[in-house]
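Here's the letter readout for the chains.
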Amino acid sequence: MTEQLLESVRSKYGAVAESTLSSKDAGVKAVAEAFGYSTEELSSIPAEANMGLSCGNPTAIASIRPGEVVVDLGSGGGMDVFLASPLVGPAGKAIGIDMTPAMIERARTNAQNGGYTNAEFYLGTIDHLPLADGSVDCVISNCVINLAPDKPAVFREIARVLKPGGRLAVSDIALKAELPPAVAQSMAAYVGCIGGAIKIDDYREGLLAAGFEHIEIVDSGADLNAYAKVENQAGCCSPSMDTANGLTVLGEVCCSTDALTPTSLHDDLTKLLSEYDVNAAAASVKVYAVKPGANKNCCGPTCCS
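What comes next concerns the included structure. (Residues numbered from 1 in each chain as written. Predicted model: local features only at pLDDT ≥ 70, side-chain atom pairs only at ≥ 80, totals over all residues. Heavy atoms only, no water.)

### Details of the overall build of the protein chain
Phase 1: From N to C terminus, the protein chain includes 10 helices and seven strands.
Phase 2: The buried share of the protein chain, reckoned over its 305 residues, is 58%.
Phase 3: Long-range contacts, defined here as pairs at least 24 residues apart, represent 79% of the contacts in the protein chain between residues at least 6 apart.
Phase 4: When the accessible surface of the protein chain is summed, it comes to about 12,000 Å², and 53% of that surface belongs to carbon and sulfur atoms. (Helix = DSSP H or I, 4+ residues; strand = E, 2+ residues; numbered from the N terminus. Buried < 20%, exposed > 50% of the residue type's maximum accessible area, 1.4 Å probe, protein only. Contact = heavy atoms within 4.5 Å. Areas by Shrake-Rupley, 256 points an atom, 1.4 Å probe, with all protein chains shown as cover.)

Okay, here's the thing in structure tokens:
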């Protein structure tokens, strides 16, 4: 089941990576702004780095400093890596990890075109990071951890690669209540970052079990219906989802039989959001945590005295 889920996610996001979605599309830009990115931030990075896949702005809450090594889990087209790049400066490094080859290719092209000499992108899954122990100052992520089937493994990997006193600053989707059964078992909802989300209390317990302290999970109050703003901006084409794992597909698959009316990941989400009030059960959250160490860094609004 885990591999089936990963392949479904990889397929959908690979199609998005190969699309023309970018900040040049009004809907894509509107999604990013709805989840906390400023017009200035979006205009400072390659337009192709933004594909309307955010649920927050982790670089805005990470207190990134010059000389640090910052790692973005599920870096996509590189948006948050490129925002972190000038913050860490020439003595630092901004690293993106993504499991989708097409996303890595898109991000590396964006880095080359944008002249980001301190940005690197590596292919890998976030539960098996291609990074050395204790090599990272700060881990960020944007609406990706919810997609991981084995979240405890992700939390352990984050703790492994962080230096003592290193911090986690993540934007993600978490649950305030049980999802409607049709949403919980929908592949569109899973790939759309909602169906795989865990409860806020489980998120906190998972981080505690991995050894983190000073954990804060804050509901940002953002409207998840913002994803509908990307509707019909661009099309994609990926294989139909395999329902053998118990997850079903709401509505059409990514490619319709009518070549003139292709649907995308965003179209699937729009249909889902039109049928269910996901805001009642799910929330865009800001997650802060610190790995214990002699010189702890502050990552949240109240963790430092």
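Still to come is the rest of the account.
### A word on the pattern of salt bridges
Phase 1: Scanning the model with the defined rule gives 10 salt bridges in all.
Phase 2: The closest approach of N and O atoms between Glu-157 and Arg-160, which form a salt bridge, is 2.7 Å. Residue Glu-157 and its partner Arg-160 are located together in helix H6 (residues 151–161), separated by three residues, close to a single helical turn.
Phase 3: We classify Arg-160 as partly exposed; its relative accessible area is 24%.
Phase 4: Shared partners join several salt bridges into a network, and the residues in it are Arg-65, Glu-68 and Arg-167. (Salt bridge = Lys/Arg side-chain N within 4 Å of Asp/Glu carboxyl O.)

### Observations regarding the nonpolar core
Phase 1: Core analysis: the biggest nonpolar cluster contains 38 residues, and Val-9, Tyr-13, Phe-35, Ile-173, Ile-194, Leu-224 and Tyr-227 have the highest contact counts within it.
Phase 2: Breaking this core down by element, the ones donating at least two residues are helix H1 (2–17), helix H2 (26–34), helix H5 (101–114), strand S5 (162–175), helix H8 (187–191) and helix H10 (265–275).
Phase 3: Residue contributions to this core peak at six residues, all from H1.
Phase 4: When sequence neighbours within four positions are dropped, the list of residues in contact with Leu-224 reads Phe-35, Ile-173, Leu-273, Val-278, Asn-279, Ala-282, Ala-283 and Ser-284.
Phase 5: Counting 33 residues, the second largest nonpolar core, distinct from the first, contains Leu-73, Ile-97, Val-144 and Ala-210. (Core = buried A, V, L, I, M, F, W, Y, C linked by side-chain atoms within 4.5 Å.)

### What about the packing of aromatic side chains?
Where two aromatic rings form a pair, the distance of their centres and the angle of their planes describe that pair.
Phase 1: For the structure on display, the rule yields three aromatic pairs.
Phase 2: With centroids separated by 5.4 Å and ring planes inclined at 45°, the aromatic side chains of Phe-155 and Tyr-203 adopt a geometry described as tilted. Placement of Phe-155 in helix H6 and of Tyr-203 in helix H9 (residues 200–209) is noted, with a sequence separation of 48 residues between them. For the pair Phe-155 and Tyr-203, a shared accessibility class is recorded, and that class is buried. (Phe/Tyr/Trp six-rings, centres within 6.5 Å; stacked < 30°, edge-to-face > 60°.)

### With respect to the pairing of strand S3 (residues 119–123)
Phase 1: Where strand S2 (residues 93–98) lies against S3, five bridges are found, and the strand directions are parallel. Bridge pairing in S3 links Asp-98 to Leu-123.
Phase 2: Tracing the backbone out of S2, into H5 and back to the parallel element S3 gives a crossover that is right-handed. (Pairing = 2+ DSSP bridges. Right-handed = clockwise from strand over helix to strand, strands pointing away.)

### Side note on helix H4 (residues 79–88)
Phase 1: For H4, the tally of buried residues reaches eight of 10 residues, placing the bulk of the element in the interior.
Phase 2: Buried residues of H4: Met-79, Asp-80, Val-81, Phe-82, Leu-83, Ala-84, Ser-85 and Val-88, and no others.
Phase 3: Among the structural elements, helix H3 (39–43), strand S1 (69–73), S2, H5, S3 and strand S4 (136–142) are those in contact with the buried residues of H4.
Phase 4: The first or second residue beyond H4 is Gly-89, which carries a positive phi of 70°.

### Notes on the sheet that holds strand S6 (residues 213–219)
Phase 1: Taken together, seven strands build an open sheet; the order of strands is S3-S2-S1-S4-S5-S7-S6 and the sheet is mixed. With partners counted over all chains shown, the strands left at the sheet margins are S3 and S6, one partner each. With strand direction ignored, the average angle separating the axes of adjacent strands in the sheet is 15°.
Phase 2: Pairing geometry for S5 and strand S7 (residues 282–290), over nine bridges, is antiparallel. Counted as the bridge partner of Arg-167 is Val-290 from S7.
Phase 3: Against the sheet, H4 touches S1, S2, S3 and S4, its axis set at about 165° to S2. (Axes fitted to C-alpha atoms, helices over the stretch in contact; angles between N-to-C directions.)

### A closer look at the side chain of Glu-157
Phase 1: Look at Glu-157 and you get buried, because its relative accessible area is 12%.
Phase 2: If we ignore the near neighbours within four places in the chain, the residues touching Glu-157 are Ile-126, Asp-127, His-128 and Leu-129.

### Some details on unusual backbone geometry
It is generally the case that most residues other than glycine have a negative phi and that most peptide bonds are trans.
Phase 1: Although it is not a glycine, Ser-63 adopts a positive phi angle of roughly 50°.
Phase 2: Checked against the element boundaries, Ser-63 lands in the loop between H3 and S1.
Phase 3: Residue classification places Ser-63 among the partly exposed positions, given a relative accessible area of 39%.
Phase 4: In the Ramachandran plot, Cys-193 falls in the positive-phi region, its phi being about 80° despite a non-glycine side chain.
Phase 5: With respect to the element layout, Cys-193 can be found in the loop between H8 and H9.
Phase 6: A relative accessible area of 4% places Cys-193 in the buried class.

### A look at the environment of Phe-35
Phase 1: Positionally, Phe-35 belongs in the loop between H2 and H3.
Phase 2: On the basis of relative accessibility, which here comes to 5%, the residue Phe-35 falls in the buried class.

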